[in-house]
Amino acid sequence: MTFSTTSWVMIFLTPILAFILGHLFLGISRKFTARIHRRVGPPVMQQFIDVMKLFGKRESTTHSWVQDMGALFAVIGVIASILFIPIGGEAVLSFQGDLIVLAYLLVIAPLGMALGTGATGNPNSAIGVSRGLMLMMAYELPFAMVLVAVMLYYDTASLGDIVAAQKGAFNWAILALPLSAIAADLSLQAMLGEKPFDQPVAPSEIASGPMVEFGGKYLGMLMVWHAMSIVVEAGLFVDLFLGGGVIFPGDSVLGLIGNIIVWAILALMMWLISVSINTVFGRFKMGQSLKFYWGVPTLLALLSLSYVVISNLGVI
Amino acid sequence: MSEDEPTGGLLDQDGRPITNLPERGFVRKVADWASARSMWLLWYCTGCGAVELPPSFTSRYDMERYGIGPMATPRQADIFLITGYLSVKTVKRIVRSYEQMQDPKYVLGHGSCTIDGGMYWDSYATVKDVGLYIPVDLYIAGCMPRPEAIFQTFEKLQDMIIKGEAVGWKKYKDNYSWYRKNQDNVFKRGPDWALEEPELR
Amino acid sequence: MNLINEPATLLIILGTGAGTALLLWKVRWMAALMSIISSAIAAGVVIHTGLLGKIASNEIWEFEIFNDLSLTLGTNWFSYLFLASIAVLAPLVLIYSWEPMRTRQKDRPFYGLFMISLVGAVGVTMARDLLTLFLFWELMTWPVILLIGDGRPRSGKAMKLYFGFGMLSASGILGILSIVSWSEGGVAYTDAVNAMADGSTGIRIAMVLLGAMAFGTKAALAPFHIWAPAAYGHTEDPFTAFFSGGLSKTGIYGAFLVVDVFIGTTILISYGSVNGLTPIGFFIAITGAITALIGGIMAMMQDDAKKLLAYSSISQLGYIFVGLGVGGSTATAGALYHVLNHTAFKAVLFMGLGAVIYRTGEYRLSKLGGMIHVMPLTFWCFLVGIFAAAAIPITSGLASKWLIYEGALEKGVGILVPILFLASAAAFLYSFRILQGGFMGQLRDEFKDIKEAPITMLIPMIIIMIALIVVAFIPGLPMELISRAMADIGMEAPEYSLISLESGVGSYSGLVVMLAVVAGFITAVLMFFSRPLGRHIDLRDTFTAGEEPIPNMDKRYHYAWKFYAPYERFLRPYFNNWIGKGWAKVYKVSSQVARLHRSVMNGDMTGYIWLIFGAMVLVGMVLYRYGGWF
């Protein structure tokens, strides 16, 4: 393990960057949604104010120590996973754990959060969590196929290497594996929990599901987790399919900053695509979302995967 | 609680509870500023007042401009908006929801009915004054109040929060026995009530 | 003491314990003490020998019975891996059993049966010929049948299922034995290797199929898995931890023996390979993947917590078969690693659940709930076990699954990995279901006053829990053992250091992952404790839309029944126990054959006389026609 100065700086900066970007993304998306609704919308900084307010509440209530643990786990998991996502071509820690490690790291936060919400004893939160997990099982199939296709195509499981392999003009994986990219974007919709796949937090059905008993700083922790997980998930897509936002040569600090900005803009773009789908859809039922994900996206991902496998065998 | 027991807390000349303003440090001032900019509502829509809310938060008036938005449960909400008349049976639910909210919390009485019963002033089944059971920070007069009036109230509440004058939550804790006496006149807490009695921390 | 010179030492120690426990079974504390002591000594011997590295791979110890028939025993690093995981687990489970068995009705020699089965399991890993293997296999299998009947409804059916599949497994081994002795004239493992080297394709395929029948049954490989949920669900609670954690590993051991030792990579590859993946290997791997998926999806539909864990066990063992089938250094290492992992976490899961059942007497998730408030330590142990089962990176569970995934990716098997991912998604689902149903949610009024699990039950759980967490920091530690074991079956271990594992396509550094988690922890704690702690409130003080809590809220507000109802509706038709129905058909046919047999052998003397007469006539006719005697 040898870390350069840039790596060290990035290790400390990444969580802060993800924090800021996440809330910025959410703020922009609220403005974006408002404009689609022909409203003015809240200020872009509204998310920061919301989190400040939640942490500034004079009291907050908890049902047991597991609820505290759940709030902690959510933030722990998301910080640990953001460190394994290359940002602007800079593989922060991702050379120490590859895509499969990341796939499992991503689960810490939701599972931990689910623990905390389950401990509140409210059936709504249990329903929300069970819906969330079922949704995960639905999109996991196409998404796993996408991951495998990308990994087999570049013959590496390391996300850093995948980003590095996409360097250069028109070398992005979205051009090489367009079907996989479509399937991944469809999976992203459920991963981000946007409509039509927002069953876990259906406010009008199950009173915001997992968050039903969370208030004050507990809700604040979950808001931080939500904001950062958007960056993680959208950023994962950018790294997998959009070349990790690497446009400038990353040797200099200036180039790195430029790459990070490009990466952030691409991630924001993916997030806004998801949000615009969100604004025009209603909510699916659970069975419908399972049928959806095990239908078209799985077919697309499977086609792409078989293309990769067959071409690796040298038949084509 | 019987009539003879002292009610505790401070009362003004009308016999209404009052409280002193809490001291605020810098951090608290910042937090208060944030909570003035981000007010999450819990709507208690039993009465007809609810019809004025959709225009307030959809594109015509757009409540979200001020960071005001609806929330699902009392735990997450900052503002308790009681729209329209309150029947005697629902006081229990009002109190329970209010006590489940987390400090600081503010109550808005929406419409004339919350002030004096409004057009139901002589109804046996309607609560005439919500302020007897939970502390109301601001009332919105009118039957119905238009969205303009609602927005005016929100701006006033923002001012009060920033100045540290919206202290209904503290009033409730300081004068809990006074409110409790009024509540007990209307309903009895069952054995499964399970909420702790509030105390100032 | 040295395991090599006298492999029988271990068997003698354990056998003494078993004998005493069986004889003194009415004096239960004595039986318990004897079995704990003897198994602890045995575990000590095993650990000591392993730490000293005194495992000689090729020495064989013979015990002659007849002139040319002898039992042969021996140990190499490969069998030591299985031996160690079983022998070390046993004393922990025995200590754990002390308290729950103390209050149980004295109707069967629990400790004696436990110890006999332990002797059998240890003997299986030490056997060096097929006959010895068979004898110890039977010794291991049959005591369990007496431990299955736990008095709950349908436990008799579970016993019958276990019996039937035990027979299947035994006849599988006998089949292998007869193939080998028929073609080579001996039954030693070397004869088996020669038989495979000389044999035709048909014999090799027969070996694989018989191996799947013999050992796949024990390891609950689909379609031989249907006994497992029933049997695991109905054994005495303390024994289930050893049953699922320890005994199932002998099946894995046998499968490895057949595929990697008897047949071997060279023969497998001679049938052609793609990226080093052989047709037989692919067949095993895909069966394993389907097992993992079926197990996972069935597990998530269970309300009976023991059945849920039993299906989870099936699912996890499926991963091992994937590793075995894919082959190559990475996947095989992953499979062996998963053997160790599964032994540990499945034991801790069944122990944690057993503690809850011991305190509450309830095993249905919809009737439990809120155990975090009364049994926090048990919850921690159980949680770590669940994290390991779901391969969450803060436990050792990830390392083994990671190796299996990477092994499959190295060989370019595109279809296996998504199936495994789906199975692991199902793992999250059933993990959360058992956590939510058992430990989260509302605490029932009747369980308000129960206590934490007794200390003798907690200590084994805590030991395993600590091991699971420590290995997450240093995933290379078990690789020391695994690399030696792989050297003994002629394979090369993947690259590893103490803190990280390498494969052909990626790397996993346990320490760095854990440090990232710790960094996250520090940040989260700073964020969390920047504000005062939350006020603790009553469980009934939840959002009820303002309504006063209903009576019996503790029961009505516990959401655990049909937890994944939308998916059950969707998936049930596809997972409608069609394998079980297939086996029921087999049962029907075989019982009809048996009925035919019984209709003749009905105990009526006239019938037998007619039968003998008929047979004589038939023989006479045959002799008349062909023999020309008359």
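Residues numbered from 1 in each chain as written. Chains lettered and ligands numbered in written order. Predicted model: local features only at pLDDT ≥ 70, side-chain atom pairs only at ≥ 80, totals over all residues. Heavy atoms only, no water.

## Things to note about the overall build of chain B
Item 1. Along the backbone of chain B there are seven helices and nine strands.
Item 2. By the compact-globule yardstick of 17 Å for 201 residues, chain B fits well, its C-alpha radius of gyration being 17 Å.
Item 3. Principal-axis analysis of the C-alpha atoms gives chain B an extent of 50 × 45 × 35 Å.
Item 4. Here the contacts in chain B between residues at least 6 apart in sequence split such that 79% fall between residues at least 24 apart.
Item 5. The average position of the 25 basic charges and that of the 27 acidic charges among the side chains of chain B differ by 3 Å. (Helix = DSSP H or I, 4+ residues; strand = E, 2+ residues; numbered from the N terminus. Rg over C-alpha atoms; globule rule 2.2 N^0.38 Å. Contact = heavy atoms within 4.5 Å. Lys, Arg positive; Asp, Glu negative; His and termini not counted. Charge placed at Lys NZ, Arg CZ, Asp CG, Glu CD.)

## Here's the deal with the interface of chain C and chain B
Item 1. Listed as interface residues are 17 residues of chain C and, on the opposing side, 19 residues of chain B.
Item 2. Both sides of the chain C and chain B interface together cover about 1,500 Å² of buried area, and 41% of this is carbon and sulfur.
Item 3. Taken together, the connections running from chain C to chain B amount to three salt bridges.
Item 4. Among the ionic pairs, B:K92 bridges to C:E548, the shortest N-O distance being 2.9 Å.
Item 5. Scanning the region where chain C abuts chain B turns up seven residue pairs in polar contact (both at pLDDT 80 or more).
Item 6. The residue makeup of the side of chain C that touches chain B, split by class, is six nonpolar, four polar and seven charged. (Buried area = accessible area lost by both parts, 1.4 Å probe. Salt bridge = Lys/Arg side-chain N within 4 Å of Asp/Glu carboxyl O. Polar contact = N/O pair within 3.5 Å; in protein donor to acceptor, adjacent residues only side chain to side chain. Nonpolar A, V, L, I, M, F, W, Y, C, P; charged D, E, K, R; others polar.)

## What about a nonpolar patch on the surface?
Residues and elements named next belong to chain A.
Item 1. Together, V253, L254, I257, I261 and I265 give the surface a local cluster of nonpolar side chains, amounting to about 520 Å² of exposed area.
Item 2. You can see L254 is positioned in helix α11 (residues 253–280).
Item 3. Under the relative-accessibility criterion, L254 is labelled exposed at 70%. (Patch = residues over 30% accessible without salt bridge, like charges linked within 9 Å, V, L, I, M, F, W, Y side chains within 5 Å. Areas by Shrake-Rupley, 256 points an atom, 1.4 Å probe, with all protein chains shown as cover. Buried < 20%, exposed > 50% of the residue type's maximum accessible area, 1.4 Å probe, protein only.)

## Some remarks on the interface of chain A and chain C
Item 1. At the interface, 83 residues of chain A touch 78 residues of chain C.
Item 2. For the salt bridge of C:R535 with A:E59, the shortest nitrogen-to-oxygen distance reads 3.1 Å.
Item 3. If you look at where chain A meets chain C, you find 21 residue pairs in polar contact (both at pLDDT 80 or more).
Item 4. Those elements that place two or more of their residues in the side of chain A that touches chain C are α2 (46–56), β1 (61–62), α3 (65–82), α4 (99–118), α5 (123–154), α10 (216–241), α12 (286–293) and α13 (296–312) of chain A.
Item 5. Of all the elements, α5(A) adds the most residues to the side of chain A that touches chain C, at 19 residues.
Item 6. For the side of chain A that touches chain C, the class distribution of residues is 56 nonpolar, 17 polar and 10 charged.

## Things to note about the nonpolar core
Item 1. Formed by 340 residues in total, the largest nonpolar core has its most connected members in C:L130, C:F242, C:M371 and C:Y567.
Item 2. Ranked by residue count, the leading element in this core is α5(A), at 21 residues. (Core = buried A, V, L, I, M, F, W, Y, C linked by side-chain atoms within 4.5 Å.)

## Some details on the sheet that holds strand β3 (residues 39–45) of chain B
All names here are of chain B.
Item 1. Sheet architecture is open: five strands sit in the order β4-β3-β5-β7-β9, paired in parallel fashion. Only two strands of the sheet have a single partner each, and these edge strands are β4 (68–70) and β9 (138–140). In this sheet, adjacent strand axes meet at a mean angle of 30° when their direction is disregarded.
Item 2. When strand β7 (residues 106–110) meets β9, the two strands line up parallel, connected through three bridges. Among the inter-strand pairings, L108 is bridged to a residue of β9, identified as L138.
Item 3. Against the sheet, helix α3 (residues 91–100) engages β3, β5 (79–83) and β7, with an angle of about 165° to β5. (Pairing = 2+ DSSP bridges. Axes fitted to C-alpha atoms, helices over the stretch in contact; angles between N-to-C directions.)

## Thoughts on the pairing of β5(B)
All names here are of chain B.
Item 1. Taken across its five residues, β5 has five buried, putting it largely inside the fold.
Item 2. The side-chain alternation of β5 yields two buried faces, one formed by I79, L81 and T83 and the other by F80 and I82.
Item 3. In the sheet, β3 pairs with β5 via five bridges, with the strands oriented parallel. Pairing of L42 across the sheet is with F80, part of β5.

## Points about unusual backbone geometry
Item 1. Here the residue pair A:K195 and A:P196 is connected by a cis peptide bond, since its omega of 5° sits within 30 degrees of zero.
Item 2. Structurally, the position occupied by A:P196 is in the loop between α8 (178–191) and α9 (203–206).
Item 3. In this structure, B:M144 follows B:C143 across a cis peptide bond, with omega equal to -5°.
Item 4. Of note, A:S208 is a non-glycine position whose phi angle comes to about 60°, a positive value.

## Section: the environment of C:I12
Item 1. Inspection of the secondary structure assignment puts C:I12 in helix α1 (residues 8–23).
Item 2. Separated by 492 residues in the primary sequence, C:I12 and C:G504 have C-alpha atoms spaced 45 Å apart.

## Points about the side chain of C:T332
All names here are of chain C.
Item 1. Within the element layout of this structure, T332 appears in helix α13 (residues 328–360).
Item 2. With relative accessibility at 0%, the residue T332 sits in the buried group.
Item 3. In contact with T332, other than residues within four places in its own chain, are F256, D260, G323, G327, M486 and M491.

## Focus: the environment of C:D554
All names here are of chain C.
Item 1. Tracing the backbone through its elements, the reader meets D554 in helix α20 (residues 553–556).
Item 2. Once the C-alpha coordinates of D554 and R444 are considered, the two residues, 110 residues apart in sequence, prove to be 5.1 Å apart.
Item 3. If sequence neighbours within four positions are ignored, D554 has contacts with Q442, L443, R444, D445 and E446.

## Remarks on the confidence of the model for chain C
Item 1. On average, residues of chain C score 84 in pLDDT, and 96% of them are at 70 or above.
Item 2. No element of chain C has a lower mean pLDDT than strand β1 (residues 61–64) of chain C, which averages 74, and none a higher one than helix α14 (residues 376–389) of chain C, which averages 90. (pLDDT = per-residue confidence, 0-100.)

## Structural notes on the packing of aromatic side chains
Item 1. Under the definition given, this model contains 60 aromatic pairs over all chains.
Item 2. A ring pair is formed by B:Y44 and B:F80, whose centres lie 6.0 Å apart and whose planes are at 90°; its orientation type is edge-to-face. Here B:Y44, found in strand β3, pairs with B:F80, found in strand β5; they are 36 residues apart in sequence, far enough to count as distant.
Item 3. Take B:Y44: its relative accessible area is 14%, and that puts it in the buried class.
Item 4. Overall, B:F80 belongs to the buried group, its relative accessible area being 0%.
Item 5. Centroid distance B:Y172 to B:Y179: 5.2 Å. Interplanar angle 45°. Geometry classified as tilted. B:Y179 matches B:Y172 in its accessibility class, with the two residues each being buried.
Item 6. Clustering of aromatic rings is evident, with ring pairs tying together C:F110, C:Y111, C:F114, C:Y162, C:W227, C:Y232, C:F239, C:F242, C:F243 and C:F350.
Item 7. Seen from the ring of C:Y363, C:R364 lies directly overhead, with NZ or CZ sitting 5.7 Å from the centre. (Phe/Tyr/Trp six-rings, centres within 6.5 Å; stacked < 30°, edge-to-face > 60°. Lys NZ or Arg CZ within 6 Å of the ring centre and 35° of its normal.)

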